[in-house]
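Coordinates in review
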Amino acid sequence: MAVIEIAGLHKTYRRLRGKPQKAVDGLDLIVGDGGVFGFLGPNGSGKTTTIRLLLGLVHADAGRMQLLGRPVPQGLPHSIRDVGALVETPLFFPTLSGRVNLQLLAEIAGLGKRRVDEVLELVGLADRGGDRVKSYSLGMKQRLGIAAALLKDPSLLVLDEPSNGLDPAGIREIRELIRSLGASGKTVFLSSHLLGEVQQVCDNVAILSRGRCVAAGATSTVLSSRDGGEFTVRLDDTAAGQAVLAAAGLTVSNVDGALRVGGATNAADITRMLAAQGLYLSELSPVQADLETVFLDLTSEPQ
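This write-up is about the structure you can find in this document. (Residues numbered from 1 in each chain as written. Predicted model: local features only at pLDDT ≥ 70, side-chain atom pairs only at ≥ 80, totals over all residues. Heavy atoms only, no water.)

A separate point is the sheet that holds strand β13 (residues 258-262). Overall, antiparallel pairing links the 4 strands, which are arranged β12-β13-β11-β14 in an open sheet. Because the sheet does not close on itself, it has two edges, and the strands there are β12 (251-255) and β14 (281-286). Recorded for the sheet is a direction-independent mean angle of 25° between the axes of neighbouring strands. Each of β11 (230-235), β12 and β13 is contacted by helix α9 (residues 238-247), which is oriented at about 160° to β12, the strand it contacts most. (Pairing = 2+ DSSP bridges. Helix = DSSP H or I, 4+ residues; strand = E, 2+ residues; numbered from the N terminus. Axes fitted to C-alpha atoms, helices over the stretch in contact; angles between N-to-C directions. Contact = heavy atoms within 4.5 Å.)

The next subject is α9. Inspection of α9 places Thr238, Gly241 and Leu245 among the buried residues, and these make up the whole buried set. Each buried residue of α9 lies within a common arc of 65° when the element is viewed along its axis, so the set occupies one face. Those residues of α9 that are exposed and aimed more than 90 degrees away from the buried face are Ala239 and Ala247. On its buried face, α9 sits against β11, β12, β13 and α10 (267-275). Directly after α9, the chain includes glycine 249, whose backbone phi takes a positive value near 95°. (Buried < 20%, exposed > 50% of the residue type's maximum accessible area, 1.4 Å probe, protein only. Arc of directions from axis to C-beta.)

Next up on the list: the sheet that holds strand β6 (residues 83-87). One open sheet holds the 6 strands; their spatial order is β6-β7-β8-β3-β9-β10, and the pairing between them is mixed. In this open sheet, the two strands that pair with only one neighbour each are β6 and β10 (212-218). Between one strand axis and the next, the sheet turns by 15° as a mean value, whatever way the strands run. Examined bridge by bridge, strand β3 (residues 35-40) and strand β9 (residues 204-209) share 4 bridges and lie parallel to one another. Bridging across to β9, leucine 40 finds its partner in isoleucine 207.

Its location among the elements puts lysine 134 in the loop between α4 (113-122) and α5 (138-150). Lysine 134 gets classed as exposed once you look at its relative accessible area, which sits at 53%. Distance from lysine 134 to isoleucine 146, taken between C-alpha atoms, is 17 Å for residues 12 residues apart in sequence.

On to a nonpolar patch on the surface, then. Together, Phe93, Val100 and Leu104 make up an exposed nonpolar region whose accessible area comes to about 250 Å². Counting through the fold element by element, leucine 104 comes out in helix α3 (residues 98-108). (Patch = residues over 30% accessible without salt bridge, like charges linked within 9 Å, V, L, I, M, F, W, Y side chains within 5 Å. Areas by Shrake-Rupley, 256 points an atom, 1.4 Å probe, with all protein chains shown as cover. Salt bridge = Lys/Arg side-chain N within 4 Å of Asp/Glu carboxyl O.)

For the rest of this paragraph, the subject is the packing of aromatic side chains. Following the criterion strictly, the structure yields 2 aromatic pairs and no others. Taking 4.9 Å as the distance between ring centres and 35° as the angle between the ring planes, the aromatic pair formed by phenylalanine 39 and phenylalanine 189 counts as tilted. Linking phenylalanine 39 in strand β3 with phenylalanine 189 in strand β8 (residues 187-191), this pair joins segments that are 150 residues apart in sequence. The exposure class of phenylalanine 189 is buried, given its relative accessible area of 0%. Site record: aromatic cluster; members linked through ring pairs are Phe37, Phe39 and Phe189. (Phe/Tyr/Trp six-rings, centres within 6.5 Å; stacked < 30°, edge-to-face > 60°.)

By the definition in use, this model includes 11 salt bridges. Between arginine 115 and glutamate 118 there is a salt bridge, and its shortest N-O distance comes to 3.0 Å. Here arginine 115 pairs with glutamate 118, and both are found in helix α4, just 3 residues apart, close to one helical turn. Accessibility expressed as a relative area gives 39% for glutamate 118, which makes it partly exposed. Put simply, arginine 128 and aspartate 131 hold a salt bridge, and the shortest N to O gap is 2.3 Å. Take arginine 128: its relative accessible area is 31%, and that puts it in the partly exposed class. Classification of aspartate 131 as partly exposed rests on a relative accessible area of 27%. A network of salt bridges, in which partner residues are shared, links Arg115, Glu118, Asp153 and Lys186.

Written as C-alpha cells, this is what we have:
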C-alpha cells in the first residue's frame, strides 16, 4: 500500500513584483508503507512546499495527491488522524516542562497522560521530562518535537529537516531515533539536506530538482545507478600492478596505497591481467558512489 501518492503536482507562488516562482513542477511520487523514506533536494527544489501541500497548509494549482489512501485536501480531516508531523522548528512553552507541554497537547487531542510518558520514553527524554524546556539542548527540543508528533501514535511520520542546526551528538541521537521508528513499522517521510545521515537511515529515497523528481527507488538502487565502473585494487607490489593495468589501457590512480581502476569491463579482467604477470590481489571491490555524489550529479544536470 502507498501511504503517499502524488501525480502531476504543480504549485507556483505569484509575487507582487518579479517573476512568479514555480516551486513544484509536475511532481510524481509514490511512498510505500513502512521504513524510512528520504525526500532530498537542494534549497528551492520544492521539498518543503510539497510537504505543506500534503498537509493542506497551502493549496496546489494542479495535480492529484493522496495521503493514506484518501485524497488531499478533501480527505485530510480523516487521514490526518494517522499522521504526525514536525515541520520547521517546534515551538513549546519554555518555562513549562517537556512533560507539561506534551500533556497540554495530549489534552487537546483527547489523549491520556500515559501516552505522554510513552512518547517521552520512546524519544529518550523520560529522565528529563520534568525539566523546563528552556533548559533543553537543541537536540532535546527536536526530540520533544518528534515526541509531540508521535502522541497520536501515527502510522505516518513527516519530518522536515529534523537534524537542522544540531551538533554531531544531536545528529546521532536523531539518526538513531529515526532508524528505530522506521524499524518499528511506521513510515517515516524524512526531508533532509544531511546526505550522509540519509544514506545511513533511509530504505528508499527520492531526489528533487527544480520541482521534479529526478531519481527514486531503493537507496542501494539509486546509488548503483551512478556507479562509474571503477574498482579498488590492493596487492603487494602496487607500482608493478599500476604499470600492468595502465599498459592494458585502463585508467589507474594510487589512492591511499590502493589502486583506483576504471575502464575494465568486469572484475575478472583485472584479475586475469595481473595474474598473467604473476601479480595477485589482496582486495578487489567495486567503488560505489555515495549519496552526496549522486545527489550533486543529478541536481546539477539541466532539466
